[in-house]
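Secondary and tertiary structure notes
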Amino acid sequence: MFITNDIKYIGVNDHQVDLFEGQYVVPHGMAYNSYVIMDEKIAVMDTVDQNFTHEWLDNLQKTLAGRKPDYLVVQHMEPDHSANIANFLKVYPQAVVVSSAKAFAMMKNFFGTDYAERRVVVGEGDTLSLGKHTLTFVTAPMVHWPEVIVSYDSCDKVLFSADGFGKFGALDVEEDWACEARRYYIGIVGKYGAQVQALLKKAAGLDISIICPLHGPILTENLGYYLNLYNIWSSYEVESEGIVVAYTSIYGNTKSAVELLVQKLKEKGAPKVVVHDLARTDMAEAVEDAFRYGKLVLATTTYNADIFPFMKEFIHHLTERNYQNRTVALIENGSWAPLAAKVMRNMFATSKNITFTDTTVRILSALSDESKAQIEAQAEELCQEYLARQDATANKNDLNALFNIGYGLYVVTSNDGTKDNGLIVNTVTQVTNTPNRVAVTINKQNYSHHVIRQTGIMNVNCLDTSATFDLFQNFGFQSGRTADKFAGIDELRSDNGLRFLPRHINSFLSLKVESYVDLDTHGMFICSVTEARVLSNTETMTNTYYQEHVKPRPETDGKKGFVCKVCGWVYEGEELPEDIVCPLCKHGYADFEPIA
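Here's what I pulled together on the structure shown here. (Residues numbered from 1 in each chain as written. Predicted model: local features only at pLDDT ≥ 70, side-chain atom pairs only at ≥ 80, totals over all residues. Heavy atoms only, no water.)

1. Considerations on the sheet that holds strand 32 (residues 592-594)
Put simply, the rule is: Strands qualify as paired when DSSP identifies two bridges or more between them. Secondary structure elements are taken from DSSP: a helix is a run of H or I of four residues or more, a strand is a run of E of two residues or more, and numbering for both begins at the N terminus. Every axis in this analysis is a line fitted to C-alpha atoms, fitted for helices over the stretch in contact. Angles between the N-to-C directions lie between 0 and 180 degrees.
In spatial order, the strands read 31-30-32; together these three strands make up an open sheet with antiparallel pairing. Both edges of this open sheet fall to strand 31 (570-572) and strand 32, since each of them pairs with a single strand only. Pairwise comparison of adjacent strand axes, ignoring direction, gives a mean angle of 25 degrees for this sheet. Where strand 30 (residues 561-564) lies against strand 32, three bridges are found, and the strand directions are antiparallel. Opposite Cys-564, over in strand 32, you have Phe-592 as the bridge partner.

2. What to know about unusual backbone geometry
Across the junction of Val-143 and His-144, the peptide omega takes the value 5 degrees, indicating a cis bond. If you trace the backbone, His-144 turns up in the loop between strand 12 (134-139) and strand 13 (149-153). Residues Thr-434 and Pro-435 are joined by a peptide bond in cis, for which omega reads -5 degrees. The backbone of Lys-157 shows a phi angle near 60 degrees, a positive value even though the residue is not glycine. Mapped onto the fold, Lys-157 is located in the loop between strand 13 and strand 14 (158-160).

3. A look at the packing of helix 8 (residues 253-267) against helix 12 (residues 369-382)
So the rule is basically this: For classification purposes, angles smaller than 35 degrees are called roughly parallel, those larger than 145 roughly antiparallel, those between 65 and 115 roughly perpendicular, and all remaining angles oblique. Crossing handedness is defined as follows: a turn of the near helix away from the far one that is anticlockwise and smaller than a right angle gives a left-handed crossing, while the clockwise case is right-handed. By the convention used here, residues are in contact when the closest approach between their heavy atoms is within 4.5 Å. For this classification, the nonpolar set comprises Ala, Val, Leu, Ile, Met, Phe, Trp, Tyr, Cys and Pro, the charged set comprises Asp, Glu, Lys and Arg, and every other residue, Gly included, is treated as polar.
Remark: helix 8 packs on helix 12, axes separated minimally by 9 Å, with the N-to-C direction vectors making an angle of 40 degrees. One finds that helix 8 runs oblique with respect to helix 12. Handedness of the crossing formed by helix 8 with helix 12: right-handed. Between helix 8 and helix 12, the residues in contact are Ala-257, Leu-260, Leu-261, Lys-264 and Leu-265 and Lys-372, Ile-375, Glu-376, Gln-378, Ala-379 and Leu-382, respectively. The class makeup of the residues in the contact of helix 8 with helix 12 is seven nonpolar, one polar and three charged.

4. Focus on the packing of helix 5 (residues 177-189) against helix 7 (residues 223-234)
Contact geometry for helix 5 and helix 7: axes closest at 12 Å, N-to-C directions at 35 degrees. As helix 5 packs across helix 7, the resulting crossing turns out to be right-handed. Contact residues: Trp-177, Ala-178, Ala-181, Arg-182 and Tyr-185 in helix 5; Tyr-225, Tyr-226, Leu-229, Tyr-230, Trp-233 and Ser-234 in helix 7. For the contact of helix 5 with helix 7, the class distribution of residues is nine nonpolar, one polar and one charged.

5. Thoughts on the nonpolar core
One recurring pattern in soluble globular proteins is that nonpolar side chains are buried together. Note the threshold: In these notes, a set of buried Ala, Val, Leu, Ile, Met, Phe, Trp, Tyr and Cys residues joined through side-chain atoms within 4.5 Å is what counts as a nonpolar core. The buried label applies to any residue whose accessible area, calculated with a 1.4 Å probe on protein chains only, is under 20% of its type's maximum; exposed applies above 50%, and partly exposed to all values in between.
Within the largest apolar cluster, 94 residues are counted, with the highest numbers of intra-cluster contacts made by Leu-298 and Phe-314. With eight residues, the single largest contributor to this core is helix 5. The contact partners of Phe-314, leaving out residues within four places of it in the chain, are Ala-246, Leu-278, Met-283, Ala-286, Val-287, Ala-290, Leu-296 and Leu-298. Judged by nonpolar contacts, the second largest core, of 29 residues, contains Ala-467, Phe-472, Phe-477 and Cys-564.

6. Notes on the sheet that holds strand 15 (residues 210-212)
Hydrogen bonds between backbone atoms are what pair the strands of a sheet, whose relative direction is either parallel or antiparallel. Across the sheet, five strands lie side by side as 11-12-13-14-15; this open sheet has mixed pairing. Looking along the sheet, the strands with just one partner apiece sit at the ends: strand 11 (127-129) and strand 15. Pairwise comparison of adjacent strand axes, ignoring direction, gives a mean angle of 20 degrees for this sheet. Where strand 14 lies against strand 15, three bridges are found, and the strand directions are parallel. Among the inter-strand pairings, Val-158 is bridged to a residue of strand 15, identified as Ile-210.

7. What about the side chain of Gln-374?
Mapped onto the fold, Gln-374 is located in helix 12. Excluding its chain neighbours within four sequence positions, the residues that come into contact with Gln-374 are Thr-359, Thr-360, Val-361 and Arg-362.

8. Section: the environment of Phe-20
One can find Phe-20 in strand 3 (residues 19-20). Along the sequence, Phe-20 and Phe-168 sit 148 residues apart, while their C-alpha atoms lie 8.5 Å from each other. Discounting residues that sit within four places of it in the chain, Phe-20 has contacts with Val-26, Met-30, Tyr-32, Asp-80, Phe-168, Tyr-184, Ile-188 and His-215.

9. Description of the packing of aromatic side chains
Note the following rule: Note on aromatic contacts: the rings of Phe and Tyr and the six-membered ring of Trp form a pair at centre separations within 6.5 Å, being stacked when their planes are under 30 degrees apart, edge-to-face when over 60 apart, and tilted otherwise. As a reminder, the over-ring test applies to NZ of lysine and CZ of arginine, requiring each to be within 6 Å of the ring centre and within 35 degrees of the ring normal.
Overall, the coordinates contain 29 aromatic pairs when judged by the stated rule. Geometrically, the ring pair formed by Tyr-9 and Tyr-35 is edge-to-face, given 5.7 Å between the ring centres and 75 degrees between the ring planes. Residue Tyr-9 is found in strand 1 (residues 7-9), and its partner Tyr-35 is found in strand 6 (residues 35-37); the two are separated by 26 residues along the sequence. By relative accessible area, which is 11% here, Tyr-9 ends up buried. A centroid spacing of 6.1 Å and a plane angle of 40 degrees characterise the contact between Phe-308 and Phe-310, whose relative ring orientation is tilted. With a relative accessible area of 33%, Phe-310 lands in the partly exposed category. Taken together, Phe-165, Trp-177, Tyr-185, Tyr-225, Tyr-226, Tyr-230 and Trp-233 form an aromatic cluster joined through their ring pairs. Directly above the ring of Phe-104 sits Arg-119, whose terminal nitrogen or CZ lies 5.0 Å from the centroid. Over the face of the ring belonging to Tyr-386 we find Lys-295, whose NZ or CZ atom lies 4.4 Å from the ring centre.

Right under this line is the structure:
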């Protein structure tokens, strides 16, 4: 198989394996990928599993067409990729192994030698010239072993991504990429989100046209789709709207409660409800769904003063993979001393940003009127934002939305007649309550100021503490005149026809401009409230919270100069120009501070 004119595929498909890594069901087998770069010098990229030695060597020999390889690049030492290092070196005794220092230490463990006489040790930024092709090596520790490197070919713009962007399934089977790639990522790499984020930032500086992983198909089109999913997965953000209900039931009473809850959730507008009986489902599928969707219901029985074993195993799978940024609801059952809710809550004690619903359902052996009422209340709480998004069920005059205005951060949305727009502001204030009037101050240089002056309407989206830095980059660091800030965001509109955000907000206000105050560099819009919806009870994002928990720490080590307090961009120099404008967030001189 040709990847490019010079890069050939020599991997194999494994339809013998039933459990990958001894635990993941792979009904469609696995692919072990290996590649050859044909140039003045020849580099082989990784080997394959030990059960396919001769098939792989045959593929290699056929591709070489009589030539001899110069290098074997080992990116990852897991045996499904490294098992044939020794066999390769026996067949091609002139070849040299190229890998990281940690990988050679592992080779000593696996093969009894670290190949000290025929190796090239590479690290971050090192290169290997093959002729017109040059490989640049990027370290990727704990993605998902400590020795991992990935390799970038600048000639054909190919990233050899090791286990990154891999998936379950052989290459001769047609199936959806995202489903099996998600299960693969969450199960195998999920714990190491921070390390994957670091690698994605390095990859962002490369001009990539093709991604060649060690498992799964070669990715050649729409790479932004795959990169975006990896960004979502590794930052533990919500990929899809919906609720996962995971349960165990001994005699059917807890199952009955789950069935009633599922009915209520669907009636109240939940966009997707996924149910897993943990005693019977593929545990990896249940874990995958818990990470995919934003809300999770756990229903189980008290068992030996603990919880039922399948539920305990499930929660352990979540917490060991850094489950976070989710809403969790609990249902417990117990005949004389219910403890399940307490045990489950404690298991998430070290998890970040887990919001438990106010309502916990308690069943004493079987459903009662009291526990049915609790299920109703829990469903109402879980679906609050879904009900608020739909015109038919929304309370459009919920002035409690005004209480979410503080020294917070907001996305103001507008429309210029052809395109939706939005920007970040921190200057929203309620000025009167009879009638309700809200003041919004916007810099005149922002395109939104121009649009709102013309249209006289806007929406103010009150950001909550789940908002990510990506959101601030999207709405705050680029101009709506040239950028489509709503690309890829679910379309939801209020009665005034303007967009409101589907997530990361606890409320929004639709405003009509009643008067305007010119403040030189800024304009203040005094507005009446035409619609107000509350979507959740999540705490409003304050500027302090943003600074302490959301904004990345600027990379100032070893630098002298000034740092933008808004986005972290660094200006290196002895003096800060008075007319400076941050190239990222467009803030000026007043928002810079000296590097400490």
